[in-house]
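Results of the structural survey
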Amino acid sequence: MKIIITGGAGFIGSHLVRRWVNNHPGDVIINLDALTYAGNLGNLEDLVSCENYFFVKGDITDKDLLRAVFDTHKPDAVIHLAAESHVDRSISGPDAFIRTNVLGTAALLDTAVSCWKGAMEGKLFYHVSTDEVFGSLGPQGKFTETSPYQPRSPYSASKAASDHLVHAYHHTYGLPAIVSHCSNNFGSHQFPEKLIPLVINNIRHRKPIPVYGKGENVRDWLWVEDHTRAIDLIFHEGRPGETYCIGANNEWKNIDLVLLICTLMDEKLGRKPGESAQRVQHVTDRPGHDARYAIDFSRLHSELGWSPSPDFRAQLSHTIDWYLANDVWLQMVTSGEYMHYYQRHYSNR
Ligand code: NAD
Ligand code: DAU
């Protein structure tokens, strides 16, 4: 198959592209990414010489470019991850979220339907969504595939809008489409604006560790490799027209998770026990901060046999080790140096 993966230079996208190129050598992957601040080709340096991997720099809101990519590569499927993904940025500047997540998804759907017209059989539009579209849970209960949509941030509202468009294109135009909703991911190559890499980076540099409010908000943390394994499985064995929830059964209050990272890093860095925890600072809460997310993934488990892998502490420890061993990567993405590189690199192309 020829598959366009959008957002393949980002955190989850780069793990998915690597998995696909290595595990499905008979498939051709076209990574379509605009290389925003969150996209980094350094995440995929090891794939540059792979014959079944192509990179196209492009914006999913650009319909002419999308048409050209479809005409050139004639894809059988799209796995759509490109998005503005950070809730805090959506609060300070929602426009980019509406542009990419809503208008970009609409442009991609429109291009797929017009290019695949009369030949939808065997095609697939796989949309990677989030559990945040379902809103905020109280202390009990979990999100399922039938939970009502109740997005509460500009980010989750824009993702909800994109989900609705995918379902609408399935029902109206017969586009074979699947949507999956995943909980919070962690792992290597995550931009250090998100909680786990931000905390690791700040501990490393003995900076204050910001915890929003009391730190009692709960997230269900899934290792990114488990997410890409689920996408691979759903892509191959899921039913078009269906949605799937992906989660980890691994709920943590933010403050408890932050203190665990402090403990693990004090050990790894040979610091006095408790040294890093002293730098935790409770800061002003995120406006409209969702209290709790948790996912019931029993459909994915019973229908397709998927389960998250065990041993969160080992995965977290492995993740910390990656950031400690890749200080140059962290410095590049935090200094903005890599953005200058891309501007230089692409300005004469
Ligand atoms: P990310 O921010 O790390 O990466 C997003 C990628 O999309 C970047 O490479 C960026 O350059 C690219 N991009 C942004 N705007 C674009 C545009 N207009 N055209 C083309 N490319 C563009 O995001 P992530 O954390 O890897 O998330 C990937 C997807 O998974 C998103 O759709 C997100 O909503 C969803 N998701 C993320 C999580 C999580 O915990 N990170 C959980 C569930 C679902
Ligand atoms: O649930 C899936 C979602 O998870 C994805 O759809 C989003 O793309 C992804 O960014 C993530 O959203 P969150 O808002 O849950 O992730 P974030 O890492 O920004 O924050 C996790 C929790 O930690 C949240 O309760 C806010 C809190 N937090 C975050 C930061 C950055 C802090 O307390 N301090 C911080 O500095």
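Residues numbered from 1 in each chain as written. Chains lettered and ligands numbered in written order. Predicted model: local features only at pLDDT ≥ 70, side-chain atom pairs only at ≥ 80, totals over all residues. Heavy atoms only, no water.

**Some remarks on the sheet that holds strand E1 (residues 2-6)**
Here is the rule we go by: Pairing between two strands requires that DSSP report at least two bridges joining them. Segments assigned H or I by DSSP are reported as helices when at least four residues long, segments assigned E as strands when at least two residues long, and all are numbered from the N terminus. Comment: axis = line fitted to C-alpha atoms, over the contacting stretch for helices; angle = value between 0 and 180 degrees taken between N-to-C directions. Contact definition: two residues touch when any of their heavy atoms are within 4.5 Å.
Strand order in the open sheet formed by seven strands is E3-E2-E1-E4-E5-E6-E11, with parallel pairing between adjacent strands. The open sheet has two free edges, formed respectively by strand E3 (53-57) and strand E11 (243-246), since each of these has just one partner strand. Going across the sheet, the axis of each strand differs from the next one's by a mean of 20°, ignoring polarity. Across four bridges, strand E4 (residues 77-80) lies against strand E5 (residues 124-130) in parallel orientation. If you follow Ala-77 over to E5, its bridge partner there is Leu-124. Strands in contact with helix H5 (residues 154-173) are E5, strand E6 (177-182) and E11; relative to E5, the strand with the most contacts, it is inclined by about 155°. Relative to the sheet, helix H7 (residues 224-237) contacts E1, E4, E5, E6 and E11, its axis offset from that of E5 by approximately 150°.

**Description of the site of ligand 2**
Rules: Here a residue is considered near a molecule or strand provided that any single heavy atom belonging to it is located within 4 Å of it. What qualifies as a polar contact is a pair of N or O atoms within 3.5 Å, subject to a donor-acceptor requirement within protein and to the restriction that residues adjacent in sequence count only when both atoms come from side chains. The Shrake-Rupley method, run with a 1.4 Å probe, gives the accessible areas here. Residue values count only the displayed protein chains as cover.
As a structural note, the neighbourhood of ligand 2 is formed by 23 residues, with Asp-131, Glu-132, Tyr-155, Arg-286 and His-289 the closest of them. Contact distances for ligand 2 include 2.9 Å between an oxygen atom and a side-chain N or O atom of Asn-254. Contact between ligand 2 and Arg-286: an oxygen atom at 2.6 Å from a side-chain N or O atom of the residue. When isolated, ligand 2 has an accessible area of 680 Å², and the protein chains bury 94% of it.

**Concerning the site of ligand 1**
Surrounding ligand 1, one finds 29 residues, the nearest of these being Ile-12, Asp-33, Ser-85, Tyr-155 and Lys-159. One of the backbone N or O atoms of Leu-35 is found 3.5 Å from an oxygen atom in ligand 1. In the model, an oxygen atom of ligand 1 is placed 2.9 Å from a nitrogen or oxygen of the Asn-185 main chain. Notes on ligand 1: free accessible area 840 Å², of which the protein chains cover 96%. Sorting the residues of the shell around ligand 1 by element identifies helix H1 (11-23), E5 and H5 as the ones contributing at least two each. Here the shell around ligand 1 takes three residues from E5, the largest share from any one element.

**Considerations on the side chain of Ser-14**
To keep things clear, this is the line we draw: Classification of residues uses two cut-offs on accessible area relative to the type maximum, computed with a 1.4 Å probe and protein chains only: under 20% is buried, over 50% is exposed, and between them is partly exposed.
Mapped onto the secondary structure, Ser-14 falls in helix H1. According to the relative accessible area criterion, Ser-14 is buried, its value standing at 0%. Within the structure, the side chain of Ser-14 is placed 2.7 Å from the backbone oxygen of Gly-10, a separation counted as a polar contact. Beyond its immediate sequence surroundings of up to four residues, Ser-14 is in contact with Gly-8, Ala-9, Asn-43, Leu-44 and His-189.

**Side note on the packing of H1 against H7**
Selection criterion: Under this scheme an angle from 65 to 115 degrees is roughly perpendicular, one under 35 degrees roughly parallel, and one over 145 degrees roughly antiparallel; angles in between are oblique. Take the far helix as the reference: if the near one is turned anticlockwise from it by less than a right angle, the crossing is left-handed, and if turned clockwise, right-handed. For this scheme, ten residues count as nonpolar: Ala, Val, Leu, Ile, Met, Phe, Trp, Tyr, Cys and Pro. Four count as charged, namely Asp, Glu, Lys and Arg, and the remainder, Gly too, count as polar.
At a closest axis distance of 9 Å, the pairing of H1 and H7 adopts a crossing angle of 60°. Comparing their axes, H7 and H1 come out oblique. Relative to H7, H1 is oriented so that their crossing is right-handed. Here Phe-11, Ile-12, His-15, Leu-16, Arg-19 and Trp-20 of H1 come into contact with H7, specifically with Val-224, Glu-225, His-227, Thr-228, Arg-229, Ile-231, Asp-232, Phe-235 and His-236. Of the residues belonging to the contact of H1 with H7, the class tally is seven nonpolar, four polar and four charged.

**Observations regarding the nonpolar core**
Quick note on the threshold: Nonpolar cores were defined as sets of buried Ala, Val, Leu, Ile, Met, Phe, Trp, Tyr and Cys residues, with membership established by side-chain atoms within 4.5 Å.
Membership of the largest hydrophobic core comes to 42 residues, with the highest contact counts inside it found for Ile-79, Tyr-126 and Ile-246. For this core, the secondary-structure elements that each account for two or more residues are E1, H1, E4, E5, E6, H7, E11 and helix H9 (298-304). Here this core takes six residues from H1, the largest share from any one element. With residues up to four places along the chain from it excluded, the contact list for Tyr-126 reads Val-78, Ile-79, His-80, Ile-178, Ser-180, Ile-231, Ile-234, Phe-235 and Ile-246.

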